[in-house]
Amino acid sequence: MNPIKIIVCAKQVPDPEAPANLVEIDSDTKMVKIKGLPPGINSYDQNAIEAALKIKEKTGAKVTVVSVGSKLSQSILRKALAVGVDDLVLVDDSDFKDLDSRSTADVLSKAIEKIGEYDLVFTGRQASDWDSGQTGLILGEMLGIPIVNLVGGVTIEDRSVSVKRMIPGGYERVKGDMPVLLTISNEVGEMRVPSLRTVLESRKRPIEVWQSDDLKIDTQELNPFEILALTSPPNMERECSFIEGDSPEERGENLAMTLKKAFLKNN
Amino acid sequence: MSKKSNKDVWIYGEVTDGELDVKTLELLTMGKKLAIDLDEELAIVLMGDNLDPVAQDLAGFGPDKIYKVESPLLNRFNGEIWVDVLEKLFKELKPRVFLASQSFVGIEVAPRLAFRLDCEIITDCIDLKIDPDDGSLIKTKAIYGGNVVATFKQKGATQMATVREKANKLAERGAELGKIIDIKPDIDESIVKIQSLEVVREDVVALNKADVIISGGRGIGGIEGFEELATLVPLFKESFANVIIGASRPAIDSGWISSNRQIGLTGEMVAPDFYIAVGISGAIQHIAGMSKSKTVVAINKDEDSNIFNLADYGVVGDYREILPAFKKKWGGV
Ligand SMILES: Cc1cc2nc3c(=O)[nH]c(=O)nc-3n(C[C@H](O)[C@H](O)[C@H](O)COP(=O)(O)OP(=O)(O)OC[C@H]3O[C@@H](n4cnc5c(N)ncnc54)[C@H](O)[C@@H]3O)c2cc1C
Ligand SMILES: Nc1ncnc2c1ncn2[C@@H]1O[C@H](COP(=O)(O)O)[C@@H](O)[C@H]1O
């Protein structure tokens, strides 16, 4: 039996936990910059890589990671190789900056076409920059394959896929034939940590770097998000009264007194 | 606006286990506003089986129309069928604006539908306006977890968005009754490629109905930490009806509590009277889900933690030392 081929779509994003004071908004150029923190692989895409690697361990699947962007960082995306991904494809072109979800899905679908055969396509449920949660769904529609959204676990039985899909109040077990696209949620587990040895090895591995021409993409047909304005959010900060007390116990007691008073006022 | 262009504002009415979801009443408020600005009608699309009670109830909230799309095959959500039925309905009736909640159903159906209709969509909007020049939607959403607010304009004959929970007030009952229009969809079951094997209800909690939420984060340290938080519930129940335990995402990823307790950007949006954050640092994606709480109390051992910038009351220290003393004193006051 041929190995199962899994394609994982992974996006390079700024650090999602950057404190607000490092987030710089340029309202003229309508760009956001995160100062002084390195970008990383989108966290749900890391979960998706982990889900693929678990299948690889069980079935000997072949895992390819594909990333679309402009000025992608090889050292960041090579981490995928270090944790056990077989192939890395970077689709990197200055025209791919801030593409909207449909255009991103368009480029991804063409990259997937060039990669060739696949049984499973994984995306993250959402990317932490635009918090959009669309690209995977649109990509599945474009490829014309079934989609399962919000996946918390995947197992392969023969040539069919058994999926734990997160639903309100619990989960649903669903089953389908390949090929299928799954959008992966954090419940599948965090991406494993690479060893120093595999990190060093991954630096020497060959990778594919493609541009729009390699995929015969007419960049005129791609759209960035049409942004009218970028602003700071309304200030959500509150005046915090710190509960006094010399010891944690004393502060705990004082919190009880303070809250009781606050409740009486509220009710 | 040309005569031939699409017309009317549609909202997707969410029915869960035969009951109307309150998110739909928030969406109604937004939909009504847009319909008035456009001077067009507001319609609610309901999909399911046995929708009469929900449709009758909703008719009193001021929509002009309710499209009641009923079939035994719609008794439980299935993305393939839902998108297919809506696609046909949209191609026939051509709404100008379509809104769904940023809910389990909305986040899957709306982007897929947008693709099939060759329209664009912004998800998780916090504000929507009609552009008076061309009748299109001006869509506002938080990006970068909530650190930035962006306003978009998009192409598409149907202007689409999903709308964040708690961004709008609940609609109120009006004097007039909306007209209920029955639609019997033609469903081809062979399009279903994904089979449902079983549904497991783990832990059904109505976080959005809580008066008090006591939330634990990574700093809780384990299941025992959540057991400790649970001992606070009866104390608060003396004064409040609905007291529920919530969590940040790392607590869920660590397996300390079920994922239905997650509060934040990719969890529940809540606005209780009291939100008590224990061992939570206040990352923007968590704040996105709780910043509308009336009163926020934070317990954190790091005095520089961002959560204190979002709190009305702060206690610095290890919760393991603070909470036992808190409980003892509470009983004695
Ligand atoms: C796209 C995206 C979506 C996300 N969606 C969500 C979401 O919906 N909800 C969510 O919560 N997160 C979400 N996250 C994750 C989010 O970015 C943060 O990682 C997360 O909120 C941090 O959780 P935390 O505060 O519990 O953990 P940490 O940031 O690790 O904070 C733990 C805190 O506990 C304190 N502490 C430790 N021990 C003790 C003790 N004994 N007593 C008192 N205090 C103690 C520490 O000082 C620290 O402040 C999302 C992230 C991304 C990228
Ligand atoms: N530029 C990109 N390159 C690779 N994958 C992407 C890209 N943008 C989005 N994706 C995938 O689509 C998912 C959803 O992204 P989004 O619709 O932007 O929230 C992400 O988690 C990724 O798996």
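Residues numbered from 1 in each chain as written. Chains lettered and ligands numbered in written order. Predicted model: local features only at pLDDT ≥ 70, side-chain atom pairs only at ≥ 80, totals over all residues. Heavy atoms only, no water.

Residues and elements named next belong to chain A. Assignment of secondary structure puts Val209 in strand 13 (residues 208–210). Taking relative accessible area as the criterion, Val209 reaches 43% and is therefore assigned partly exposed. Between the alpha carbons of Val209 and Asp92 there is a distance of 6.8 Å; along the sequence they are 117 residues apart. If sequence neighbours within four positions are ignored, Val209 has contacts with Gln74, Leu90, Asp92 and Asp214. (Helix = DSSP H or I, 4+ residues; strand = E, 2+ residues; numbered from the N terminus. Buried < 20%, exposed > 50% of the residue type's maximum accessible area, 1.4 Å probe, protein only. Contact = heavy atoms within 4.5 Å.)

Within the structure shown, the criterion is met by 13 aromatic pairs over all chains. Within the aromatic cluster, the residues linked to one another by ring pairs are Trp10, Tyr67, Phe90 and Phe98 of chain B. In this arrangement the basic side chain of Lys114 of chain A is found over the ring face of Trp210 of chain A, its NZ or CZ atom lying 5.1 Å from the centre. Its end group placed over the ring of Tyr171 of chain A, Lys164 of chain A keeps NZ or CZ at 4.6 Å from the ring centre. (Phe/Tyr/Trp six-rings, centres within 6.5 Å; stacked < 30°, edge-to-face > 60°. Lys NZ or Arg CZ within 6 Å of the ring centre and 35° of its normal.)

Counting residues in each nonpolar core, the largest one holds 42 residues, and the members touching the most others are Leu28, Leu34, Leu46, Leu58, Leu99 and Leu128 of chain B. Sort the elements by how many residues they give to this core and helix 1 (residues 22–38) of chain B lands first, with seven residues. Not counting residues up to four positions away in its chain, the partners in contact with Leu58 of chain B are Leu20, Thr24, Leu25, Leu28, Ile44, Leu46, Pro63 and Ile66 of chain B. Grouped together as the second largest cluster of nonpolar side chains are 40 residues, Leu90, Val161, Val180 and Ile184 of chain A included. (Core = buried A, V, L, I, M, F, W, Y, C linked by side-chain atoms within 4.5 Å.)

A few words on the site of ligand 2. All names here are of chain A. Residues in close proximity to ligand 2 total 18 residues, the closest being Cys9, Asp45, Val68, Gly133 and Thr135. Between Val68 and ligand 2, the recorded distance is 2.7 Å, taken from a backbone N or O atom to a nitrogen atom. Interatomic distance of 2.8 Å between a backbone N/O atom of Gly124 and an oxygen atom of ligand 2. For ligand 2, the accessible surface in isolation is 480 Å², of which the surrounding protein chains cover 97%. If you list the elements that add at least two residues to the shell around ligand 2, you get strand 6 (62–69), helix 4 (101–115) and strand 8 (120–124). Tallying contributions element by element places strand 6 first for the shell around ligand 2, with three residues. Taken together, the residues of the shell around ligand 2 sort by class into six nonpolar, ten polar and two charged. (Near = heavy atom within 4 Å. Polar contact = N/O pair within 3.5 Å; in protein donor to acceptor, adjacent residues only side chain to side chain. Areas by Shrake-Rupley, 256 points an atom, 1.4 Å probe, with all protein chains shown as cover. Nonpolar A, V, L, I, M, F, W, Y, C, P; charged D, E, K, R; others polar.)

Moving on to the domain arrangement of chain A. When the domains of chain A are assigned, the result is domain 1 (5–221) and domain 2 (237–267). If you average the C-alpha positions of domain 1 of chain A and of domain 2 of chain A, the two centres end up 45 Å apart. (Domains from an automatic or database assignment.)

So, about the domain arrangement of chain B. Interfaces are often sized by the amount of accessible area the parts lose when they come together. Residue and element names in this part refer to chain B. When cut into domains, chain B gives domain 1 (9–191) and domain 2 (207–331). Here domain 1 and domain 2 have C-alpha centroids that lie 33 Å from each other. Taken together, the ten residues of domain 1 in the interface contact ten residues of domain 2. Summed over both sides, the interface between domain 1 and domain 2 buries roughly 820 Å², with carbon and sulfur atoms accounting for 55% of that surface. Its largest share of buried area at the contact with domain 2, domain 1 owes to Gly145, Arg164 and Lys166, together 60% of the area lost on that side. Linking domain 1 with domain 2 are two residue pairs in polar contact (both at pLDDT 80 or more), by the criterion used here. Of the residues that constitute the side of domain 1 that touches domain 2, the class distribution is three nonpolar, three polar and four charged. (Buried area = accessible area lost by both parts, 1.4 Å probe.)

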